[in-house]
Amino acid sequence: MAKLSTSVAPDPMVARLRAALGKRAFTEQKMFGGTCFMIDGNMLIGTSKRGLLVRVGKDAHAAAAALPHAGTMEMGGRSMEGYIRVAPEGTATDADLAGWLDRALAFVGTLPAKAKAARKSS
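Residues numbered from 1 in each chain as written. Predicted model: local features only at pLDDT ≥ 70, side-chain atom pairs only at ≥ 80, totals over all residues. Heavy atoms only, no water.

Participant: How would you explain the environment of Ala87 if you had to name every residue and give the values?
Facilitator: With respect to the helices and strands, the residue Ala87 is situated in the loop between strand 6 (78-86) and helix 3 (94-108). Separated by 18 residues in sequence, Ala87 and His69 place their C-alpha atoms 5.3 Å apart. Excluding anything up to four places from it in sequence, Ala87 contacts Arg50 and His69. (Helix = DSSP H or I, 4+ residues; strand = E, 2+ residues; numbered from the N terminus. Contact = heavy atoms within 4.5 Å.)

Participant: Let's hear about the sheet that holds strand 1 (residues 27-31): which residues, and what values?
Facilitator: Spatial strand order, 1-2-3-4-6-5: six strands in an open sheet with antiparallel pairing. Strands with a single pairing partner mark the edges of an open sheet, and in this sheet they are strand 1 and strand 5 (70-75). Recorded for the sheet is a direction-independent mean angle of 35 degrees between the axes of neighbouring strands. Bridge analysis of strand 1 against strand 2 (residues 34-39) gives five bridges, and the strand direction is antiparallel. Bridged to Gln29 within strand 2 is Cys36. (Pairing = 2+ DSSP bridges. Axes fitted to C-alpha atoms, helices over the stretch in contact; angles between N-to-C directions.)

Participant: Which residues make up the pairing of strand 5, and what are the values?
Facilitator: Alignment of strand 5 against strand 6, held across six bridges, turns out to be antiparallel. Bridging across to strand 6, Met73 finds its partner in Met80. The turn joining strand 5 and strand 6, which pair antiparallel and follow one another in sequence, is formed by two residues; a positive phi near 60 degrees is taken by Gly76.

Participant: Summarise unusual backbone geometry; cite the residues concerned and give the values.
Facilitator: In this structure, Asp40 is a non-glycine residue whose phi angle is positive, near 55 degrees. Checked against the element boundaries, Asp40 lands in the loop between strand 2 and strand 3 (42-48). Although it is not a glycine, His69 sits at a positive phi angle of roughly 70 degrees. Relative to the assigned elements, His69 resides in the loop between helix 2 (58-65) and strand 5. Owing to a relative accessible area of 41%, His69 belongs among the partly exposed residues under this scheme. (Buried < 20%, exposed > 50% of the residue type's maximum accessible area, 1.4 Å probe, protein only.)

Keep in mind these numbers describe shape, not what the thing actually does.
Encoded structure:
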C-alpha cells in the first residue's frame, strides 16, 4: 500500500526572508505554525498562515500597526504589543518586505543576545 505524503509545499516567504537577510547570521525555528527567524536568540520576524509576524517593540508598535495591511498580532485572543501581523498584501514586493525587515532589525538590534539554552539529551 502506498504511503500518503503529509508534506506541505514550502512557504515561499521563507525563501524571500532568507534572501532578504543576506549574509546576516540568523537561525530559523518553527514557531506560531510557521518559521521564525532569530538573531542572537531573539525573534526577529516570522511566517504564518495569516501573514508575516514582525517584532517592532512597544515603542514602534502604534506607528507600525497603523501602516497599510498591518495590525496587532494576537495569540489566543490576546494582543501582543510589540508584534505586528502583516497581511500578504503588505509584503507583495521586495521593497515592502525590506521595509518590514528593517523595522524588525532596528528593534532587535537593541536587544542583548540571549545565552544559548542547554539541550536536553533523550
